[in-house]
Protein chains: 2
Amino acid sequence: MESGMKILVQKFGGTSVANLECMKKVREKVQAGLNKGYKMVVVLSARSGETNRLLALASEWSSTPDPAECDSLVSTGEQVSIALFTMLLKDAGIRARSLLAWQIPIITDDDHGNARIKSIDSQHLRGYLDEYDVLVVAGFQGCTESQRITTLGRGGSDTSAVALAAALGSVECEIYTDVDGVYTTDPNICSSARKMDRVAYEEMLEMASMGAKVLHIRSVEFAKKYKVPVRVRSTFSDDPGTLVTQEDSSMEAVLVSGIAYDKDQARVTLHDLPDVPGVAAAIFGPLSEKGVLVDMIVQNTSLDGHTDMTFTISRKDLKQTLAIMEEVKERTGATDVVSDVNVAKVSAIGVGMRNHSGVAARAFSALTQEGINILMISTSEIKITILIQEKYVELAVRILHDTFGLDWDIN
Amino acid sequence: MESGMKILVQKFGGTSVANLECMKKVREKVQAGLNKGYKMVVVLSARSGETNRLLALASEWSSTPDPAECDSLVSTGEQVSIALFTMLLKDAGIRARSLLAWQIPIITDDDHGNARIKSIDSQHLRGYLDEYDVLVVAGFQGCTESQRITTLGRGGSDTSAVALAAALGSVECEIYTDVDGVYTTDPNICSSARKMDRVAYEEMLEMASMGAKVLHIRSVEFAKKYKVPVRVRSTFSDDPGTLVTQEDSSMEAVLVSGIAYDKDQARVTLHDLPDVPGVAAAIFGPLSEKGVLVDMIVQNTSLDGHTDMTFTISRKDLKQTLAIMEEVKERTGATDVVSDVNVAKVSAIGVGMRNHSGVAARAFSALTQEGINILMISTSEIKITILIQEKYVELAVRILHDTFGLDWDIN
């Protein structure tokens, strides 16, 4: 790392670059960074709606669009954003240029549509930072070693930003969005939800995977791996937002940091499976082959050499899953396959629960007192997940939020 | 050049790739080439309207858009075309891939917005042709040695195609458009206009510069320099079109091959200029500095050491030109500056006139007989240009077309 060059990476999502007015707000944020003496690396998404428009074009042209061509197509969305924004910077007399992934390059594998970053030429980038004060980089895109354009999957611009911050040793990676930070739970269903000042990577990972859509999950993994502090904040306010960072003792003092929920759940149960080795593989092997992601799994204690197996999946996969389970039933001799789509899961997340027992008991007791029936339970080191009937989701979130005192500002 | 590989370059303009239906027609043309045993290189423009949409975005964002950023922006138009078309080829089981200029690369100078091709890595391209049967290349774009995206100026996709044909030794470069060839004159104003089977590069150059907008002028210069036969034909018919090629004896047997016209003319006259050395430079120097292109120039014989100077320019430049001429008048002591926008020029073009005198006389006499007053005359080896009042343009075109027997099929 060169001494003397302070670098700040900022990332702005689709709503932040949607039109000229929004982009002028973005320019103010960049100017603020320059005023503090930073060299700026600004990562932009496609303008909102643009990626969907391009994907719709692809589906119009082909029922199974070639993945490499599709990547080249949709990557134009970010190309347009960075060119327009750089024009705006240059109009304000700022020394700036745009950079596409291949011009850096940001090298990825060749898994088109869902590529992973392998390396970034930070030496080359630092050379540009000698010449320019702001580099405007296309998010979401990469380039294979054989020079084909790739994309990183939905939300991939967050990953681009964090990877650039890691490569350049940026003091922080600021992810600008249209909310002012990460909340203890969804403010739309719990009025006492509170913006957190800090949250641990591990907690953020669990929240992101539960559908708290502020940060793309892969970007959090990246940030955790390379210890990049990520600040989630709003383009349209001056609030310092939420810092996603390594856990420290103050975080561990808090039992539960946030309550997440996910309504996209369907439950499938196979009854009276023979409890023999290989039966789990017989169920989950075919699902995995078809790309069906299984979430929670519970197996009952064996009775007379037979058992029940229950698992949850995304609702969109239910039809395919049931077809596969009919075959599994034939093959294994299970008596019955039943399913339920009126279920949802609620989770309490916190690095503090590692060192404390009784968190699960408190959660179950609070829900049961309100008459909410617990259908499935799954626990990990820093998370308790409970499957309930969908109609109780909002109530359960509020109960858990209260139970663990998340409305108090103790962070 | 490798033996055994027959390569055909085809270029399709914006109207040919406007939508899915059109692109399916294009695929038929490509398939026809494959059926004849060719490896195909297909150059596409942006879908019609797309480049203008992107340029409008740029003007919305900035009154003076940065030229390099503007190139990166508008180059996305072709990127979208080639990705969509390649999807369509792959759906039909054709081994194809898209190529952006930087992926080949097509190296240009850094004159953004109007770049010139310096080199094409034909070795690299031939490598791709071993692997694929069709390469779908983005027209209109290039890449500097320092990896910035450039564009070749309006109509630049024709130039891309001809340059690729030259680099690869393509048997022919087929330029597909929405007309079925090059006509002896504009069929909209002369019903006896006839499609030519062949036309010489030099003739085509003169016609293109006169606003016969079938082929971009720089592409014809390129084709002439590298002796690439160019066939202009329609995407929507099977007509063999017009072959633009080196002149041969059959072409020389024809006095005049075509009649072109251009209404975008304004005439400016300075009266009573002192006829001293440097007076022409005093007029045309400042015009050239401001980027005003002067077309025809006539200077009268000096009388009493004074002379009149008349020239024509594009109408859009008239206001600026008159402002400059007021200064010139002050400086030189000319008595008067007058201008006229109701003028237009008509040209007779033909490589055959090189070896024959009397062509100009026949043209003047035919126009005069119909009462058309000749305002200015300019002649070159293969062209006679006459400035007349704009209202006579259509009549003059028809008279000259008849006079030189262009309605007869003698090509």
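Quick notes on the rules
Residues numbered from 1 in each chain as written. Chains lettered and ligands numbered in written order. Predicted model: local features only at pLDDT ≥ 70, side-chain atom pairs only at ≥ 80, totals over all residues. Heavy atoms only, no water. Contact = heavy atoms within 4.5 Å. Buried area = accessible area lost by both parts, 1.4 Å probe. Salt bridge = Lys/Arg side-chain N within 4 Å of Asp/Glu carboxyl O. Polar contact = N/O pair within 3.5 Å; in protein donor to acceptor, adjacent residues only side chain to side chain. Helix = DSSP H or I, 4+ residues; strand = E, 2+ residues; numbered from the N terminus. Nonpolar A, V, L, I, M, F, W, Y, C, P; charged D, E, K, R; others polar. Pairing = 2+ DSSP bridges. Axes fitted to C-alpha atoms, helices over the stretch in contact; angles between N-to-C directions. Least-squares fit on C-alpha atoms with pLDDT ≥ 70 in both. UniProt positions renumbered as here; feature names shortened; annotations may be inferred. Buried < 20%, exposed > 50% of the residue type's maximum accessible area, 1.4 Å probe, protein only. Left-handed = near helix turned anticlockwise from the far one by under 90°. Core = buried A, V, L, I, M, F, W, Y, C linked by side-chain atoms within 4.5 Å. Domains from an automatic or database assignment. Expected span 1.5 Å × (residues − 1).

1. Notes on the interface of chain A and chain B
Contacts between the two partners involve 41 residues from chain A and, on the opposite side, 41 residues from chain B. Taking both partners together, chain A and chain B bury about 3500 Å²; carbon and sulfur atoms supply 58% of that area. When residues of chain A are sorted by the area they lose upon contact with chain B, A:W61, A:M87 and A:W102 head the list and together hold 23% of the total. Where chain A touches chain B, the interface holds 2 salt bridges. Between A:K90 and B:D66 there is a salt bridge, and its shortest N-O distance comes to 3.2 Å. Counting across the chain A and chain B interface gives 12 residue pairs in polar contact (both at pLDDT 80 or more). The set of elements that each furnish at least two residues to the side of chain A that touches chain B consists of helix 1 (20–35), helix 2 (50–61), helix 3 (67–74), helix 4 (76–91) and strand 3 (96–99) of chain A. Of all the elements, helix 4 of chain A adds the most residues to the side of chain A that touches chain B, at 11 residues. Of the residues in the side of chain A that touches chain B, the class split is 20 nonpolar, 12 polar and 9 charged.

2. Comments concerning the sheet that holds strand 14 (residues 294–299) of chain A
Residues and elements named next belong to chain A. Strand order across the open sheet formed by 6 strands is 14-15-13-16-18-17, with antiparallel pairing between neighbours. Every other strand in the sheet has two partners, leaving strand 14 and strand 17 (376–380) as the edge strands with one partner each. Each strand axis lies, on average, 30° off the axis of its neighbour in the sheet, ignoring direction. Both strand 13 (residues 258–274) and strand 15 (residues 306–313) contribute to a ladder of 7 bridges, which runs antiparallel. Within strand 15, the position partnered with V268 by the bridge is F311. Where helix 12 (residues 359–369) meets the sheet, its contacts fall on strand 17 and strand 18 (383–389), and the angle it forms with strand 18 comes to roughly 20°.

3. Regarding the relation of the copies chain A and chain B
Once chain A has been moved 0.0 Å along the axis and rotated by 180°, it coincides with chain B to within an RMSD of 0.1 Å. Read as a symmetry element, the transformation amounts to a two-fold axis. Across chain A, the rotation axis passes nearest the C-alpha of A:T76, at a separation of 2.9 Å. Interface overlap between copies: 100% of the residues of chain A at the interface are likewise at the interface in chain B, consistent with a symmetric, same-surface contact.

4. Some points on the UniProt feature "binding site: ATP" (unreviewed entry) in chain A
Residue and element names in this part refer to chain A. As recorded in UniProt, the feature "binding site: ATP" (unreviewed entry) lies at K11, F12, G13, G14, T177, D178, Y183, K213 and V214. Structurally, the position occupied by G13 is in the loop between strand 1 (7–12) and helix 1. Aside from chain neighbours lying at most four places away, what touches G13 is S45 and Y176. Turning to its location among the elements, V214 is positioned in the loop between helix 7 (201–209) and helix 8 (217–226). Judged by relative accessible area, V214 falls into the partly exposed class, the value being 21%.

5. Quick look at the packing of helix 2 (residues 50–61) of chain B against helix 3 (residues 67–74) of chain B
All names here are of chain B. The interhelical angle for the contact between helix 2 and helix 3, taken along N-to-C directions, is 145°, at an axis separation of 9 Å. Crossing angle aside, the handedness with which helix 2 passes helix 3 is right-handed. Packed against helix 2, whose contacting residues are L54, L55 and A58, the element helix 3 presents C70, L73 and V74 at the interface. Across the contact of helix 2 with helix 3, the residue classes break down as 6 nonpolar, no polar and no charged.

6. Some remarks on the nonpolar core
The biggest cluster of nonpolar side chains holds 76 residues, and the ones touching the most others in it are A:V30, A:F85, A:V134, B:V30, B:F85 and B:V134. Apart from residues lying up to four places away in sequence, A:V134 is in contact with A:V30, A:L34, A:M40, A:V42, A:L89, A:I94, A:R95, A:A96 and A:R97. Counting residues in each nonpolar core, the second largest holds 48 residues, with B:V137, B:A161, B:A223 and B:V244 among its members.

7. Regarding the pattern of salt bridges
Residues and elements named next belong to chain A. One pass over the structure, following the stated rule, counts 44 salt bridges over all chains. A salt bridge links R95 to D133; the nearest nitrogen and oxygen atoms lie 3.2 Å apart. Of this pair, R95 sits in the loop between helix 4 and strand 3 while D133 sits in the loop between helix 5 (122–131) and strand 6 (134–138), and the two are 38 residues apart along the sequence. Taking relative accessible area as the criterion, R95 reaches 43% and is therefore assigned partly exposed. The partner of R198 in a salt bridge is D248, with the nearest N and O atoms 2.5 Å apart. Of this pair, R198 sits in strand 10 (residues 198–200) while D248 sits in the loop between strand 12 (242–245) and helix 9 (249–252), placing them 50 residues apart in sequence. Overall, R198 belongs to the partly exposed group, its relative accessible area being 35%. Judged by relative accessible area, D248 falls into the partly exposed class, the value being 24%. The network of salt bridges with common partners includes K39, R95 and D133.

8. Describing the domain arrangement of chain A
All names here are of chain A. As assigned here, chain A comprises domain 1 (7–246), domain 2 (273–338) and domain 3 (343–404). Summed over both partners, the interface of domain 1 with domain 3 buries about 1100 Å², with 69% contributed by carbon and sulfur atoms. Linking domain 1 with domain 3 are 1 salt bridge. With a closest N to O distance of 3.0 Å, K383 and E206 form a salt bridge.

9. Focus on the sheet that holds strand 9 (residues 173–177) of chain A
Residue and element names in this part refer to chain A. Across the sheet, which stays open at both edges, the 8 strands sit in the order 3-6-2-1-9-11-12-10 with mixed pairing between neighbours. Lying at the two open borders of the sheet, with one neighbouring strand each, are strand 3 and strand 10. Strand-to-strand twist in this sheet, taken as the mean axis angle between neighbours without regard to direction, amounts to 20°. Pairing geometry for strand 11 (residues 230–234) and strand 12, over 3 bridges, is antiparallel.

10. Quick word on unusual backbone geometry
Here A:I104 and A:P105 are connected by a cis peptide whose omega angle stands at -15°. Not every positive phi belongs to a glycine, and A:K227 is a case in point at roughly 55°. Here A:K227 is to be found in the loop between helix 8 and strand 11. Despite not being glycine, B:F140 shows a phi value in the positive range, around 75°. Among the secondary structure elements, B:F140 is positioned in the loop between strand 6 (134–138) and strand 7 (141–143). Taking relative accessible area as the criterion, B:F140 reaches 8% and is therefore assigned buried.

11. Regarding helix 4 of chain A
Residues and elements named next belong to chain A. Along its 16 residues, helix 4 runs 23 Å from first to last C-alpha, staying within 8% of the 22 Å computed at 1.5 Å per residue. Counting buried positions along helix 4 yields 14 of 16 residues, so the element is predominantly enclosed. Of the residues one or two after helix 4, G93 is the one with positive phi, at around 75°.

12. Overview of the environment of A:F284
Residue and element names in this part refer to chain A. Along the chain, the position of F284 falls in helix 10 (residues 279–289). Under the relative-accessibility criterion, F284 is labelled buried at 17%. Once the C-alpha coordinates of F284 and V328 are considered, the two residues, 44 residues apart in sequence, prove to be 9.8 Å apart. Setting aside chain neighbours within four positions, we find F284 in contact with V294, I297, M309 and F311.

13. Concerning the pairing of strand 3 of chain A
The side chains of a regular strand alternate between the sheet's two faces. Residue and element names in this part refer to chain A. With burial as the criterion, each face of strand 3 is covered, one bearing A96 and S98 and the other bearing R97 and L99. The pairing of strand 3 with strand 6 spans 4 bridges and is classified as parallel. When the bridges of strand 6 are listed, S98 appears paired with V136.

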